[in-house]
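Chain residues, written in single-letter form:
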Amino acid sequence: MDDTQNRYAPQPGEAAAELLVSAAAVVVDGRLLVVSKTAAPDLFYLPGGKPEPGEALHAALVRELDEELGVVPRAVAPLTEIRATAALEGVPMRLVVFRAALDEPPRAAAEIAALRWTDGKDVRLAPAIRDHVVPLVL
């Protein structure tokens, strides 16, 4: 693992200057896996989520993909780090994106309203995904 995968969320009691999110860019046959959450079912993001206090970004990604999609990521490698405004929360966000493959087909679980495989044009994407991730992977 490189330094990106070993970075951690703030420890309990530490204030976070921005929302920290660990997410996966999974591309199969030229299409990117995106999910929407029940809080905003018409807006799609990368699967992933916020690390627990003291949790490494890679560990958070593995946990979140299991909880949200019932899958285990493999071939995980750092892709990019994006600083933007979180689409739902409207606060500063640091989005750490990893390339990943999946061990089996994903299925929506937990707070996930829907999942889609997109070419980047057929669903409404969160701005950080549309502007920064799609140009890198599709």
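The residue numbers shown here count from 1 along each chain, following its written sequence. Per-residue local features of the predicted model are confined to residues with pLDDT of at least 70, and side-chain atom pairs are confined, for both listing and counting, to 80 or more; whole-chain, interface and lining totals are unaffected and use all residues. Processing note: side-chain calculations cover all non-hydrogen atoms of the structure and skip hydrogens and water entirely.

Brief notes about the overall build of the chain
Threshold: Only DSSP runs of H or I with at least four residues qualify as helices, and only runs of E with at least two residues qualify as strands; both kinds are numbered from the N terminus onward. Working rule for contacts: check all heavy atoms of both residues, and any pair within 4.5 Å makes them a contact. The accessible surface values rely on the Shrake-Rupley method and a 1.4 Å probe; as for residues, cover is taken only from the protein chains in view.
Counting its regular elements, the chain contains three helices and eight strands. For the chain, the sequential pattern of α-helices and β-strands runs α-β-β-β-β-β-α-β-β-β-α. Considering only residue pairs separated by 6 or more positions, the chain has 71% of its internal contacts joining residues 24 or more positions apart. For the chain, the computed accessible surface area is about 6800 Å², with 51% contributed by carbon and sulfur atoms.

Some remarks on the sheet that holds strand β7 (residues 92–102)
Either a parallel or an antiparallel arrangement is found when strands of a sheet pair, and the pairing is made through backbone hydrogen bonds. Where we set the bar: By definition, two strands form a pair when at least two bridges between them are found by DSSP. Fitting a line to C-alpha atoms yields each axis, with helices limited to the stretch in contact; the angle taken between N-to-C directions then spans 0 to 180 degrees.
Spatial ordering of the open sheet is given by β5-β1-β7-β6, a layout of four strands whose pairing is mixed. Only two strands of the sheet have a single neighbouring strand rather than two, namely β5 (48–49) and β6 (73–85). Sheet topology note: the β6/β7 ladder contains 10 bridges and is antiparallel. Along β7, the bridge assignment pairs P78 with F98. On top of the sheet, helix α2 (residues 57–69) reaches β1 (19–25), β5, β6 and β7; it is set at about 65° to β1, its chief contact. Relative to β6, helix α3 (residues 127–137) is tilted by about 140°, and along the sheet it contacts β1, β6 and β7.

A short note on the pairing of β1
This is how the line gets drawn: Exposed residues in this analysis have more than 50% of their type's maximum accessible area, buried residues have under 20%, and partly exposed residues fall in between, with area computed by a 1.4 Å probe over protein chains only.
Of all seven residues that make up β1, seven are buried, and the element is covered over most of its length. Side-chain alternation along β1 places L19, V21, A23 and A25 on one buried face and L20, S22 and A24 on a second face that is also buried. For β1 and β7, the ladder comprises seven bridges, and the chain directions are parallel. Within the sheet, the bridge partner assigned to L20 lies in β7 and is R94. Looking at chain direction, β1 and β5 are connected through two bridges and run antiparallel. Looking at the pairing, A23 lines up with G48 of β5.

Digging into the pattern of salt bridges
Applied cut-off: Whenever Lys or Arg places a side-chain nitrogen within 4 Å of a carboxyl oxygen from Asp or Glu, that contact is recorded as a salt bridge.
Summed over all chains, the structure comprises 12 salt bridges. For E18, the salt bridge identified is with R94, shortest N-O distance 3.6 Å. A residue pair is termed long-range when its members are at least 10 positions apart, and E18 in the loop between α1 (3–6) and β1 and R94 in strand β7 qualify at 76 residues. In this structure R94 comes out as buried when scored by relative accessible area, which is 13%. Between R63 and E52 there is a salt bridge; the shortest N-O distance is 3.9 Å. Residue R63 is found in helix α2, and its partner E52 is found in the loop between β5 and α2; the two are separated by 11 residues along the sequence.

What is shown is where atoms sit, not what they do.
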